[in-house]
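An overview of the molecular structure
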Amino acid sequence: MIVCVAVVGHQNNPLYIQSFTEADDALKLHHIVHCSLDVVDERVNNPKKSGPTLNETFLGLLYPTENYKVYGYLTNTKVKFILVTTDLDVRDADVRNFFRRFHSAYVDAVSNPFHVPGKKITSRTFAERVSTIVKSFGLSSAG
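These figures come from a predicted structure and were not determined experimentally. (Residues numbered from 1 in each chain as written. Predicted model: local features only at pLDDT ≥ 70, side-chain atom pairs only at ≥ 80, totals over all residues. Heavy atoms only, no water.)

Moving on, we get to the overall build of the protein chain. Along its length, the protein chain carries four helices and five strands. Taken over C-alpha atoms, the radius of gyration comes to 14 Å for the protein chain, in line with the 15 Å a tight globule of 143 residues would show. Projected onto the principal axes, the alpha-carbon positions of the protein chain cover approximately 40 × 35 × 30 Å. Expressed as a percentage of the 143 residues in the protein chain, the buried residues total 38%. (Helix = DSSP H or I, 4+ residues; strand = E, 2+ residues; numbered from the N terminus. Rg over C-alpha atoms; globule rule 2.2 N^0.38 Å. Buried < 20%, exposed > 50% of the residue type's maximum accessible area, 1.4 Å probe, protein only.)

Okay, structure coming up:
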């Protein structure tokens, strides 16, 4: 189950964070998202460890915690997508499909002529689309 998704700007400023749990966990999930940015920066700035996946936008599993797994995705414009899930047996194909759909929703949201680049995403349509993507996560393996 996905518990949190986040969009973080190229200067590590949060553009969109949505928790899908009780309010008690929201601060904890924001902290997990913030901590994952260090792992993203380490992978991007140390390409030796990444090897052949240097041009890959999917960063994979950033780190597991006791209760969560954190996945990352980096766009060409250095905007980061973070996914926090409670599932311990998530397939990479499902996560890649999620990020592909999430990236498409993000592109549609920032292509809005009324959106100011670098500012928080406040679109209700984007939030509804993200909720739909999160609800359908892992239901089908077809892309």
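Our focus in this paragraph is the sheet that holds strand S5 (residues 80-85). Spatially, S2-S1-S5-S4-S3 is the arrangement adopted by the five strands of the open sheet, whose pairing is antiparallel. Edge positions in the open sheet fall to strand S2 (14-19) and strand S3 (58-64), since each of these has one partner strand only. Taking each pair of neighbouring strands and ignoring which way they run, the sheet shows an average axis angle of 15°. As paired strands, strand S4 (residues 69-74) and S5 are joined by six bridges and run antiparallel to one another. Looking at the pairing, Tyr71 lines up with Leu83 of S5. Relative to S3, helix H1 (residues 26-45) is tilted by about 125°, and along the sheet it contacts strand S1 (2-8), S2, S3, S4 and S5. (Pairing = 2+ DSSP bridges. Axes fitted to C-alpha atoms, helices over the stretch in contact; angles between N-to-C directions. Contact = heavy atoms within 4.5 Å.)

Here the focus is helix H3 (residues 92-110). Over its 19 residues, H3 extends 26 Å from the first C-alpha to the last, a length consistent with the 27 Å expected when each residue adds 1.5 Å. Among all positions of H3, only Asp94, Val95, Asn97, Phe98, Phe99, Phe102, Ala105, Tyr106 and Ala109 are buried. Buried residues in H3 make contact with S1, S2, S3, S4, S5 and helix H4 (124-135). (Expected span 1.5 Å × (residues − 1).)

This part is about the nonpolar core. Nonpolar side chains tend toward joint burial in soluble globular proteins. Judged by nonpolar contacts, the single largest core of 25 residues is most densely connected at Val5, Val7, Phe98, Phe99 and Phe126. When residues of this core are traced back to their parent elements, those giving at least two are S1, S2, S4, S5, H3 and H4. When residues of this core are assigned to their parent elements, the largest contribution, seven residues, is made by H3. Listed in part, the 18 residues of the second largest apolar core include Val8, Leu59, Val70 and Val84. (Core = buried A, V, L, I, M, F, W, Y, C linked by side-chain atoms within 4.5 Å.)

Of all seven residues in S1, seven are buried, a share of seventy percent or more. When S1 meets S5, the two strands line up antiparallel, connected through six bridges. By the bridge assignment for S5, Val5 is matched with Leu83. With five bridges connecting them, S1 and S2 associate as antiparallel partners. Bridge pairing in S2 places Cys4 opposite Ser19. Between S1 and S2, which pair antiparallel in sequence order, lie five residues; one of them, Asn12, sits at a positive phi of approximately 60°.

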